[in-house]
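Chain residues, written in single-letter form:
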Amino acid sequence: MGKIVSQDELILLITREKRNGRRVVFTNGCFDLLHPGHVRCLTEARSLGDLLVVAVNSDRSVRGNKGPERPLVPQNDRAEVLAALSSVDYVTIFDEPTPRDLIARLLPSVLVKGADWGPNDVVGREEVEAAGGRVVSIPLAPGYSTTRLLQKIRKAASAADREIADCHT
């Protein structure tokens, strides 16, 4: 068994880890275009406990949350890239709009989200805090955003298309 596991496998692994006194940190996201902001956030999240679990939105979940043009990278590829990071211990994919059910089953010691999420908007907050865990908001690395990267790519592609069209006129 590698770092990428099913939710059921994850529950078994984390139950054993918690029984052994290890502090589990959980975060989630689309991670469509992995950038330094993601890497820094995951590294900081990992520093808050003994192991880091990352739940990745499935392709269907991303489309539901971000629109029909997303994701750009398929779910298994996104999971593979995340699993390659030394800060990440386990990766699982969830198909629902939010990971609330998974969080309620795992009950991590620490639930981490980026600071772009308001304290009352963090899914799973109630469950984690009721079980004695805590929610941590990590500041975003300035200048990094998947949406901003996509805008730059689309702008560059549009400019290239205009140049090609100009050459043919």
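Sequence order as written defines residue numbering, which begins from 1 separately in each chain. In keeping with the predicted nature of the model, local features appear solely for residues at pLDDT of at least 70, side-chain atom pairs appear and are counted solely at 80 or more, and the whole-chain, interface and lining totals rest on all residues. Calculated side-chain values reflect all of the structure's heavy atoms, with hydrogen atoms and water omitted.

Enquirer: Account for the nonpolar core, naming residues and giving values.
Expert: For our purposes a nonpolar core is just a set of buried Ala, Val, Leu, Ile, Met, Phe, Trp, Tyr and Cys residues, chained together by side-chain atoms within 4.5 Å. Relative accessible area decides the class of each residue, using a 1.4 Å probe on protein chains only: under 20% of the type maximum gives buried, over 50% gives exposed, and in between gives partly exposed. Membership of the largest hydrophobic core comes to 19 residues, with the highest contact counts inside it found for L10, I14, F26, V53, Y90 and L106. At the level of elements, α1 (7-19), β1 (24-29), β2 (51-57), β3 (90-94) and α5 (100-106) are the ones that each hand at least two residues to this core. A run of H or I in DSSP counts as a helix once it spans at least four residues, and a run of E counts as a strand once it spans at least two, with each numbered from the N terminus. Of all the elements, α1 adds the most residues to this core, at four residues. Grouped together as the second largest cluster of nonpolar side chains are 18 residues, C41, L42, V91 and I138 included.

Enquirer: Outline the environment of A115, supporting the account with residue identities and numerical values.
Expert: Of note, A115 is situated in the loop between β4 (110-114) and α6 (125-130). Expressed as a C-alpha distance, the spacing of A115 and P139, which sit 24 residues apart in the sequence, is 4.9 Å. Throughout, a residue-residue contact means that at least one pair of heavy atoms, one from each residue, lies within 4.5 Å. Setting aside chain neighbours within four positions, we find A115 in contact with S137, I138, P139 and L140.

Enquirer: Could you give an account of the sheet that holds β2, naming the residues involved and the relevant values?
Expert: When DSSP locates at least two bridges between a pair of strands, those strands are taken to pair. Read from one edge to the other, the open sheet built from five strands follows the order β3-β2-β1-β4-β5, with strand pairing classed as parallel. This sheet does not close on itself; its edge strands, each paired only once, are β3 and β5 (134-138). Ignoring which end each strand starts from, the neighbouring axes of this sheet average 25 degrees apart. Note that β4 and β5 share five bridges and pair parallel. Lines are fitted to the C-alpha atoms to define the axes, a helix being fitted only along its stretch in contact, and any angle between axes, read from their N-to-C directions, falls within 0 to 180 degrees.

Enquirer: Can you tell me about unusual backbone geometry, naming the residues and giving the values?
Expert: The omega torsion of the bond from R70 to P71 falls at 0 degrees, within 30 degrees of zero and hence cis. One can find P71 in the loop between α3 (59-66) and α4 (75-83). Residues other than glycine seldom take positive phi values, yet F31 does so here, at roughly 50 degrees. Along the polypeptide, F31 turns up in the loop between β1 and α2 (36-46). The class of F31 is buried, set by a relative accessible area of 10%.

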